[in-house]
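Chain by chain, the residues run as shown.
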Amino acid sequence: MLNHTTFLVAWFAGSHEGASETTIHLLHSSVAAQTITPVAPRDPLPHWNPVLASGPDERLWLFFKRGWRIDEWTTWVCHSDDSGLNWTAPREMVPGDTSGGRGPVRQAPLWTGDLWVAPGSVEEWRTPRWDCFMDISADLGRTWERIEVPLDHSSVRGAGCIQPCLTRLPDGTFIALARSTAGTVFRSATTDPYSWPPLEPTGLPNNNSGMAAVSLPDGRIIACHNENTADWGARSTLLLSESHDDGITWHQNDVVVDGADTARGGDPVSDGKPSNATATGVVTSGDGEYSYPSLAVVDRGLWLTYSWQRRSIALARFKW
């Protein structure tokens, strides 16, 4: 969201994840529902995971991943000076970096007043190992320093944790909440974004699919997530949950959508569980799938977008 009357949404689209024609699209509320393509479609490499952010330089930033394989991603960025209608040519965020992606992977960086902190992750698929980090910029996004968020892999089922959500509480504490292969969201908390304790499991369900989290002015944390706890599990039910103890324990608030039984035309469909997942992307028909949420606090409300059966983007609004 740009302001109370102008909205901007970003997603990537193509015949399937990792397809050569997959690129970034934007929907700007002032352009009569026409999509904008800020990245040239002639680029031969597929694009992934766009992240929009209002930069500390007062420009709008668009981060996105580029590459054939997830574990070979590079991160690119472009800018807009007119609220997302026109964009600069993309440039590599950290030139020459081959670590598998830098900067934000799903959520916009948080601006602290002197630091820009971007929650990121890398995925090694050949010998499965997933890890989270924070990229920190002290010069308005010109350069970045990668800070690891540790994880004891010996105690975690599966590859590990990725796609952390980053929130900051009213007292200044940073809370990272990460997607995992272990059936639950993992958490780390710190007052110093340059130093993080190891990620630990919470009671918040996770099906190895993206989730979203925001903090409210009263100190609560609100998360949107799928209900299932299996690795690559069902994505048909999307919930809102809240925590009163900095993300350690959770209770369910609302069911955003429960599509396990019906979808297009009311016919029985799958539960949105992917049929396969590799370094070149997740394989899914989209039937019964409601996933990859994004949350924003707007006055006394929560604005939520999510992928509706991989065919469109849905918007839901809640009061807090």
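Structure first, text after, so check above.
Reading guide: rules and limits
Residues numbered from 1 in each chain as written. Predicted model: local features only at pLDDT ≥ 70, side-chain atom pairs only at ≥ 80, totals over all residues. Heavy atoms only, no water. Helix = DSSP H or I, 4+ residues; strand = E, 2+ residues; numbered from the N terminus. Rg over C-alpha atoms; globule rule 2.2 N^0.38 Å. Areas by Shrake-Rupley, 256 points an atom, 1.4 Å probe, with all protein chains shown as cover. Lys, Arg positive; Asp, Glu negative; His and termini not counted. Charge placed at Lys NZ, Arg CZ, Asp CG, Glu CD. Pairing = 2+ DSSP bridges. Axes fitted to C-alpha atoms, helices over the stretch in contact; angles between N-to-C directions. Phe/Tyr/Trp six-rings, centres within 6.5 Å; stacked < 30°, edge-to-face > 60°. Buried < 20%, exposed > 50% of the residue type's maximum accessible area, 1.4 Å probe, protein only. Lys NZ or Arg CZ within 6 Å of the ring centre and 35° of its normal. Core = buried A, V, L, I, M, F, W, Y, C linked by side-chain atoms within 4.5 Å. Contact = heavy atoms within 4.5 Å. Salt bridge = Lys/Arg side-chain N within 4 Å of Asp/Glu carboxyl O.

**Regarding the overall build of the protein**
Then, number 1: Each helix and strand in the protein was counted, giving zero helices and 24 strands.
Then, number 2: The globule rule puts the C-alpha radius of gyration for 320 residues at 20 Å, and the 18 Å found for the protein is close to it.
Then, number 3: Along the three orthogonal principal directions, the C-alpha set of the protein runs to about 45 × 45 × 45 Å.
Then, number 4: Here the protein has roughly 13600 Å² of accessible surface; of this, 50% comes from carbon and sulfur atoms.
Then, number 5: Put simply, the protein has 25 plus and 37 minus side-chain charges, and the middle of one group is 3 Å from the middle of the other.

**A short note on the sheet that holds strand β12 (residues 161–168)**
Then, number 1: Taken in spatial order, the four strands of this open sheet run β12-β13-β14-β15, and their pairing is antiparallel. Two strands lie at the open edges of the sheet, namely β12 and β15 (200–205), each paired on one side alone. With strand direction ignored, the average angle separating the axes of adjacent strands in the sheet is 35°.

**Re the packing of aromatic side chains**
Then, number 1: This structure, assessed with the given rule, holds 12 aromatic pairs.
Then, number 2: Between the aromatic rings of W61 and W116, the centroid separation amounts to 5.0 Å while the plane-to-plane angle is 80°, which identifies the pairing as edge-to-face. Pair noted here: W61 is in strand β5 (residues 60–66) and W116 is in strand β9 (residues 116–124), with a separation of 55 residues, a long-range link. A single burial state applies to W61 and to W116, both of which are buried.
Then, number 3: Sitting over the ring of W76, R66 keeps its end group 4.8 Å from the ring centre.
Then, number 4: Looking at R317, its charged tip hangs above the ring of W303, at a distance of 4.6 Å from the centre.

**Side note on the nonpolar core**
Then, number 1: V256, L295, L304 and Y306 are the most contacted members of the largest nonpolar core, which has 18 residues in total.
Then, number 2: At the level of secondary structure, the elements contributing two or more residues to this core comprise β16 (212–215), β17 (221–226), β18 (237–243), β19 (251–258), β22 (290–298), β23 (301–308) and β24 (312–319).
Then, number 3: Residues in contact with Y306, not counting those within four places in the same chain, are L238, V256, V257, Y290, S291, Y292, P293, S312, I313 and A314.
Then, number 4: Counting 17 residues, the second-largest nonpolar core is a separate cluster that includes L115, L151, V156 and L199.

**Describing the pairing of β24**
For a regular strand, side chains alternate in direction, first toward one face of the sheet and then toward the other.
Then, number 1: One ladder, built from eight bridges, connects β23 with β24; its direction is antiparallel. Looking across to β24, one finds that T305 is bridged to L315.
Then, number 2: Connecting β23 to the antiparallel partner β24 that follows it, the hairpin turn spans three residues, and Q309 within it adopts a positive phi of roughly 55°.

**Some points on the pattern of salt bridges**
Then, number 1: Summed over the entire model, instances satisfying the criterion amount to 16 salt bridges.
Then, number 2: A salt bridge links D131 to R129, with the shortest nitrogen-to-oxygen separation between them at 3.0 Å.
Then, number 3: The partner of E242 in a salt bridge is R220, and the shortest N-O contact between them spans 3.2 Å. In this pair, E242 sits in strand β18 while R220 sits in the loop between β16 and β17, placing the two residues 22 residues apart along the sequence. Taken as a pair, E242 and R220 share a single burial class, namely buried.
Then, number 4: Salt bridges here are not isolated pairs; linked through shared partners, they connect E17, R235, E289 and R310.

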